[in-house]
Amino acid sequence: MNLTAQENESRFKVSGQIIDARTNKPVKKMPITVMPFNKVVEANNTGKFLFNMPVGTYSFVIDYYPFDKQEVKLNLQSDTTLLIKLQSPFASQYIEEIEVISSKLAVEEPASMERLDAHTFRNLPAIIGERDILKAFSLTAGVTSSSEGAADMQVRGGTHGQNLYLLDGIPLFSTDHFFGLVSAYNPTIIRSAKLYKSDFPVEFGGKISSVLNVLTEDANLTKFKGEAEIGMLTSKLVLNFPLIKDKLALSVAGRISNYSIANLVSPLLPESTGTRFGVHFGDLNSNLVWKISEKDKLKLTFFSNTDGINVNTTYNTEKEKTWIDNFQQNIGLNWYRTISETAENHLMVYADRYGYDFGVSQIDEVNDYKYIGQALTGVNSTGLEDKFKYNLSDQWKLNAGASVKLYGFSPFQININDSNITSIQSSTQTRMIEGIAFAGTDYELSKNQNLSAGLRFSGVGNKDKSYFDIEPRFGYHGIFKNDYSISASVGRMTQPIHRVANSGLGFPFQLFFPSSSYLKPETSWNFSVGGAKDFSWKKSKFSVKADVWYKSMNNIVDFKDGNDAVFTTIVIPQETALKPENYITQGKGKAYGIDFSADYSLKNFKFTADYTLMRAVNQFDDLNYGRPFDASTDIRNSLSLTSEIKLSDSWSFSATWQYMTGKPITVPTSVYLSSSANGYYAGYHYYSNTDFVQVITERNNYRTKAFHKLDVSFTHTYKAFKKYNGTISLGLYNAYNQANPFLYYLGTEQTSDNSYKPTLNYLSVFPILPSFNWSVKF
């Protein structure tokens, strides 16, 4: 940074680094105000800064919540190096895991972007003791989940499959874990989490609705440390080993379901008769960091998660085995290179795979009977990606990059055999190659007035068809006097990989298809205009922000009437299901609305409100007679209220209340008794559901009941074993036991004339549930 002065004046360098006094870790992107110039400059990603300044007296002021304000005065007479240590209050002591350690002022970022800090995330009430990053984001404006308890996201009218989920830069094909109850992100190792609902950085693409960028904690090069956590659903352990101090370190994090104890009990059951069962649900994250030099760092990451249930039943001479296996793995090698004070490069190569296997096998050796029925689906990819950043000046920054990715798809396979019971492995049926190139710039037009622009080129293809697209991105963010800001953006997104699945909880059977001559890439245009305002008086702070948005989508996919993921893969013949045109159709959609957020804090109290008013409409030539209909993501009103009270130095209370209006589903327009129905007479005529004929004339013609619930928790921090930082959380999920509809189905009801008529009923699966979590850091 060059500060204005006469050219003949003596100039010296002021370099240094900003660190957290408690953890001794660098604090990245920290704003520094240089007085008397009153100029704000950010430290880089390692907390370092470098100024070139004339002789004189200066003050470097850092006033950034939640750190205590600090002012460093300097009489510059020669080259000087500074080490600035920031102090934070007690309430913020458990924040080091997240990149941004507390919520920024609302005006400092575009209204369409959300980020979560570790303090807020760890204090949210959890379902049966399990906190989840996707459920936490579903409390923010513009984001909902597909059903109660589901760890997924629907962002601004888009579906779960239209979001780009990144883990350390590698896309995740699936975020389902434990059959959708939790996500694949291990909450104990999350370092930073950003959700872009619009104003997408040019480096991101491949999905049309949103981008979630999650980074995990790097292995610590200096000291051994760890964390253990036990909840009602899972147990977790994180260990960090510095193999060569300041040079090489390894971090390993594991999570396993507490219900895997069934695997220990099951072998004790007699095999001659009855049922033996096994459950496995776990994941592993690890990274190996090698600091080659001050300018070069290598990071190797590995991720694996598995879900499975095995049930073995024996009855006399018959044996039956049923299994469900859901798995995902990836490995990535990253090379971070600091070329100079103004330029850096990131090169990554990775490979990943996802698969789902469901099957039933039966054998009767006495009667010489054998049978196996198996359904599989999967996708894999490898990629090479390079990103380059260069700061032309304090006002002008450039970034560019390119990538090549190879995909292998196995939308599904069916293995039905009556001569042996040998299961098969998924094999690649279709391949696709994708090439990406992008370039962007961020320019400070004047103080606190920033303009971003970028262009992304994408091309995908296989032996069937090739597609090319250009994605322009523009964004503006300006901060004005009196602490208010305005932001605006427009951007195009393209999605070459199509995902169709049954939404919500349950078997996570999802199908992935490449773009082809029949399935064109999905595209979207995203527009947003927003504003924010910060207020402060005495010791309280209040901020509000609002974002008006519009999204148009083309070539979105859905099942044709009468089809779903299970029916497609198991019921219809495989030769028919191999052609997606038999059961998948494409159309267009639009969504628009306004997101509103408010945040208030006073000493030991914090309150947040997030509200969205929106509408989402789809139109398909093959659905609803070509007429527009409300999308399944059309949740008109959603409201989340979150509060946190610090009761004492060691106790805090948090509560979250959610409300959502009903979502559209399809139900029969009319139901009548079939002319072939027989029923039976037992003092009255009884008919089953199959005796009634259902007539459906409109898609998504009914709205479910409104959803609402209250979650509460108490958190206690203490010294575990008299030396380690320990935390205990106790809470209630759905505290007032609201019976929210989870599944709607047709039933029957007895009438006054003792006959039965069809009725629409619903099932609720999440009553009031206790929540418990214990953790210790060592």
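Values in this document were obtained by computation on a predicted structure and should not be read as measured data.

**A closer look at the overall build of the protein chain**
Counting secondary structure elements, the protein chain contains five helices and 49 strands. When contacts within the protein chain are restricted to residue pairs at least 6 apart in sequence, those whose partners lie at least 24 apart make up 65%. Carbon together with sulfur atoms contributes 57% to the accessible area of the protein chain, which is approximately 35500 Å² in total.

**A look at the environment of Gly169**
Note that Gly169 resides in the loop between strand 11 (163–167) and strand 12 (170–171). Residue class for Gly169 comes out partly exposed when judged on its relative accessible area of 23%. Once you skip the residues sitting within four places of it in the chain, Gly169 turns out to touch Leu215 and Met348.

**Quick notes on the sheet that holds strand 5 (residues 56–62)**
Two strands in a sheet stick together by hydrogen bonds in their backbones, pointing the same way (parallel) or opposite ways (antiparallel). Read from one edge of the open sheet, four strands run 3-2-5-6, paired in antiparallel fashion. Where the open sheet ends on each side, the last strands, each with one partner, are strand 3 (39–42) and strand 6 (70–76). For this sheet, the mean angle separating the axes of adjacent strands, direction not counted, is 25 degrees. Two strands pair when backbone bridges link them, and strand 5 and strand 6 are joined in this way by seven bridges, in the antiparallel orientation. In the strand pairing of strand 6, Val61 is matched with Glu71.

**Quick word on the pattern of salt bridges**
Scanning the entire structure with this criterion turns up 30 salt bridges. Note that Asp630 and Arg636 form a salt bridge whose closest N and O atoms lie 3.6 Å from each other. Exposure remark for Asp630: the relative accessible area of 17% places this residue in the buried category. On the accessibility criterion, Arg636 (26% relative accessible area) is partly exposed. Arg703 is the salt-bridge partner of Asp634, the closest N and O atoms lying 2.4 Å from each other. With Asp634 in the loop between strand 36 (629–630) and strand 37 (637–646) and Arg703 in strand 44 (residues 702–703), this residue pair connects regions lying 69 residues apart in the sequence. Among the charged side chains, a salt-bridge network with shared partners connects Glu114, Arg156, Lys197, Lys545, Asp547 and Asp595.

**Things to note about the packing of aromatic side chains**
The final tally for this structure, using the stated rule, is 25 aromatic pairs. An aromatic cluster of at least three residues, connected via ring pairs, comprises Phe224, Phe241, Tyr724 and Phe778. The lysine or arginine in question, Lys465, covers the ring of Tyr467, its NZ or CZ lying 5.8 Å from the ring centre. Directly above the ring of Phe535 sits Lys533, whose terminal nitrogen or CZ lies 5.1 Å from the centroid.

**With respect to the side chain of Ser257**
Mapped onto the secondary structure, Ser257 falls in strand 19 (residues 248–257). Its relative accessible area of 3% is what places Ser257 among the buried residues. The residues touching Ser257, leaving out its near neighbours within four places in the chain, are Phe178, Leu233, Thr234 and Phe281.

**Section: the sheet that holds strand 1 (residues 11–20)**
Strand order in the open sheet formed by three strands is 4-1-7, and the pairing between neighbours is mixed. For this open sheet the edge positions go to strand 4 (48–54) and strand 7 (80–86), each flanked by a neighbour on one side alone. Each neighbouring strand pair of the sheet contributes to a mean axis angle of 25 degrees, computed without reference to strand direction. Across seven bridges, the pairing between strand 1 and strand 7 is parallel. Paired with Gly16 across the strands is Leu82, a residue of strand 7.

**Brief notes about a nonpolar patch on the surface**
On the surface, a cluster of nonpolar side chains totalling about 530 Å² of accessible area is made up of Leu284, Leu300, Phe302, Ile331, Leu333, Val349 and Leu384. Broken down by secondary-structure element, the contributors of at least two residues to the nonpolar patch are strand 21 (296–315) and strand 22 (318–340). Structurally, Val349 is set in strand 23 (residues 343–364). Judged by relative accessible area, Val349 falls into the partly exposed class, the value being 41%.

**Focus on unusual backbone geometry**
Residue Met35 is joined to Pro36 through a cis peptide bond whose omega torsion reads 15 degrees. The backbone phi angle of Asp168 is positive, close to 55 degrees, even though this residue is not glycine. With respect to the element layout, Asp168 can be found in the loop between strand 11 and strand 12. The class of Asp168 is buried, set by a relative accessible area of 13%. With phi around 55 degrees, Asn624 is a residue other than glycine that occupies positive phi space. When you line up the elements, Asn624 lands in the loop between strand 35 (605–620) and strand 36. Of the residues examined, Asn624 reaches a relative accessible area of 5% and is grouped as buried.

**Remarks on the environment of Thr140**
Tracing the backbone shows Thr140 in the loop between helix 2 (133–137) and strand 9 (143–144). Expressed as a C-alpha distance, the spacing of Thr140 and Ala609, which sit 469 residues apart in the sequence, is 8.4 Å. If near-sequence neighbours (up to four positions away) are discounted, Thr140 is found in contact with Glu114 and Asp610. Separated by 2.5 Å, the side chain of Thr140 and the backbone oxygen of Phe137 make a polar contact.

**Remarks on the nonpolar core**
Judged by nonpolar contacts, the single largest core of 24 residues is most densely connected at Phe173, Phe409, Ile497, Val500, Phe512, Phe513 and Ile584. At the level of secondary structure, the elements contributing two or more residues to this core comprise strand 23, strand 24 (369–391), strand 25 (396–417), strand 30 (497–501), strand 31 (510–514) and strand 33 (540–559). Discounting residues that sit within four places of it in the chain, Val500 has contacts with Gln510, Leu511, Phe513, Val557, Phe559 and Ile584. Counting 22 residues, the second-largest nonpolar core is a separate cluster that includes Val27, Ala43, Tyr58 and Phe60.

**Remarks on the side chain of Asn186**
Mapped onto the secondary structure, Asn186 falls in the loop between strand 14 (182–183) and strand 15 (190–196). Under the relative-accessibility criterion, Asn186 is labelled buried at 3%.

**Overview of the environment of Phe692**
Structurally, Phe692 is set in strand 43 (residues 692–695). Sequence separation between Phe692 and Pro758 is 66 residues, and the spatial gap between their C-alpha atoms is 7.9 Å.

**Thoughts on the confidence of the model for the protein chain**
Do not read the predicted coordinates in detail wherever pLDDT is low. This prediction gives the protein chain a mean pLDDT of 86; 88% of its residues lie at or above 70. Per-element confidence in the protein chain is highest for strand 11, whose mean pLDDT is 97, and lowest for strand 41 (residues 680–681), whose mean pLDDT is 50. Ignoring residues within four places in sequence, the model shows residues 1–8, a span with pLDDT below 50, making 20 contacts including any to other chains. Residue range residues 90–103 is modelled with pLDDT below 50. Its contacts to residues more than four positions away, or to other chains, number 55 contacts.

Conventions we followed
Residues numbered from 1 in each chain as written. Predicted model: local features only at pLDDT ≥ 70, side-chain atom pairs only at ≥ 80, totals over all residues. Heavy atoms only, no water. Helix = DSSP H or I, 4+ residues; strand = E, 2+ residues; numbered from the N terminus. Contact = heavy atoms within 4.5 Å. Areas by Shrake-Rupley, 256 points an atom, 1.4 Å probe, with all protein chains shown as cover. Buried < 20%, exposed > 50% of the residue type's maximum accessible area, 1.4 Å probe, protein only. Pairing = 2+ DSSP bridges. Axes fitted to C-alpha atoms, helices over the stretch in contact; angles between N-to-C directions. Salt bridge = Lys/Arg side-chain N within 4 Å of Asp/Glu carboxyl O. Phe/Tyr/Trp six-rings, centres within 6.5 Å; stacked < 30°, edge-to-face > 60°. Lys NZ or Arg CZ within 6 Å of the ring centre and 35° of its normal. Patch = residues over 30% accessible without salt bridge, like charges linked within 9 Å, V, L, I, M, F, W, Y side chains within 5 Å. Polar contact = N/O pair within 3.5 Å; in protein donor to acceptor, adjacent residues only side chain to side chain. Core = buried A, V, L, I, M, F, W, Y, C linked by side-chain atoms within 4.5 Å. pLDDT = per-residue confidence, 0-100.

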